[in-house]
Amino acid sequence: MSGLGVALRHCRMVLGGRTVLGFGRFEVAPGDRWAVLGPNGAGKSQLVKLLAGIRWPTPTGREHRVWRDARGRELELIEARDHIAYVGAESQDRYARHGWNFTLAEVVATGLFRTDIPLDVPGPAGRRTVNRLLARFGLRAVAERRMLEVSYGQRRLVLIARALAARPRLLLLDEPYNGLDGAHRVLLDSALTRLAGDRPTLVVT
């Protein structure tokens with residue numbers, strides 16, 4: 001599996017009358033590993049959402065955004081969408097807002113099918129993938145507990161495991177270490193290090 005890159009040209013984002021992003025060129029090449037650093041309000045989250053295709057640049061007539069595979073083939077968002085996984089704070093908030101109190105195993109399994117709620121039952125290979133990811137994040141012992149009944153840090157790790165179940169070619173994690181204690185941070189460090197073998201593109205704020 002090769003990574004997916006993103007190229008932005010002349011993109012601006014104006015929210016509430018304030019320019020939160022603006023640059024002539026920004027490019028993440030397929031297979032790159034990026035850490036985007038900056039204080040609160042610097043525009044990190046908006047940049048990641050722009051890369052994910054969740055946000056759109058403010059129209060100026062010059063803006064250009066394209067995804068590119070390892071062979072240099074350009075993809076529009078409709079083609080790239082199934083290869084992109086994004087996890088941010090609002091990803092967790094959705095479960096509380098909608099009352100989605102599924103088991104942790106069920107949440108991870110939805111990543112196999114790229115659905116928000118469990119609609120399909122994974123086969124033997126899918127179950128092995130789910131169990132492997134739960135183990136990788138130290139969640140096997142709580143796999144049958146409910147999403148809204150575990151700790152904030154466990155919920156964050158479950159959603160990252162769900163994202164990995166989808167085998168993304170572009171993985172975007174917005175402040176994934178927020179709310180994690182030392183033990184959970186070590187687990188996330190280890191999981192991200194192991195991604196090197198799959199070679200997805202990774203952007204972490």
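Here we summarise the structure given alongside this text. (Residues numbered from 1 in each chain as written. Predicted model: local features only at pLDDT ≥ 70, side-chain atom pairs only at ≥ 80, totals over all residues. Heavy atoms only, no water.)

## Side note on the overall build of the chain
Broken down by element type, the chain carries seven helices and eight strands. Relative to the 2.2 N^0.38 estimate, which gives 17 Å for 205 residues, the radius of gyration of the chain is 17 Å and therefore close to what a compact globule would have. The C-alpha extent of the chain, read off along each of the three principal axes, is 50 × 35 × 30 Å. Expressed as a percentage of the 205 residues in the chain, the buried residues total 47%. (Helix = DSSP H or I, 4+ residues; strand = E, 2+ residues; numbered from the N terminus. Rg over C-alpha atoms; globule rule 2.2 N^0.38 Å. Buried < 20%, exposed > 50% of the residue type's maximum accessible area, 1.4 Å probe, protein only.)

## Quick look at the sheet that holds strand β3 (residues 33–35)
Ordered by their spatial adjacency, four strands build an open sheet running β3-β8-β7-β6, and the pairing between neighbours is parallel. Each edge of the open sheet is held by one strand with a lone partner, namely β3 and β6 (84–87). Taking the axes of each pair of neighbouring strands and ignoring which way they run, one obtains an average angle of 10 degrees across the sheet. Packed onto the sheet, helix α6 (residues 152–165) meets β6 and β7 (170–173) and runs at close to 175 degrees relative to β6. (Pairing = 2+ DSSP bridges. Axes fitted to C-alpha atoms, helices over the stretch in contact; angles between N-to-C directions. Contact = heavy atoms within 4.5 Å.)

## Regarding unusual backbone geometry
Located in the positive-phi region is H10, a residue other than glycine, with phi close to 50 degrees. The residue H10 is located in strand β1 (residues 5–15) in this model. With a phi close to 50 degrees, E175 is a non-glycine residue in the positive phi region. By the secondary structure assignment, E175 is in the loop between β7 and α7 (182–194).

## Digging into helix α4 (residues 104–113)
With seven of 10 residues buried, α4 is to be regarded as a mostly interior element. Of all the residues in α4, the buried ones are L104, A105, V107, V108, A109, T110 and G111. Here the buried face of α4 lies against α3 (89–98), α5 (124–136) and α6. Looking at the residues trailing α4, positive phi occurs at R114, about 55 degrees.

## As for the environment of S151
Tracing the backbone through its elements, the reader meets S151 in the loop between α5 and α6. Looking at S151, the relative accessible area reads 33%, which means it is partly exposed. Distance in space between the C-alpha atoms of S151 and L21 is 33 Å, their sequence separation being 130 residues.

Nothing here speaks to function; it is all geometry.
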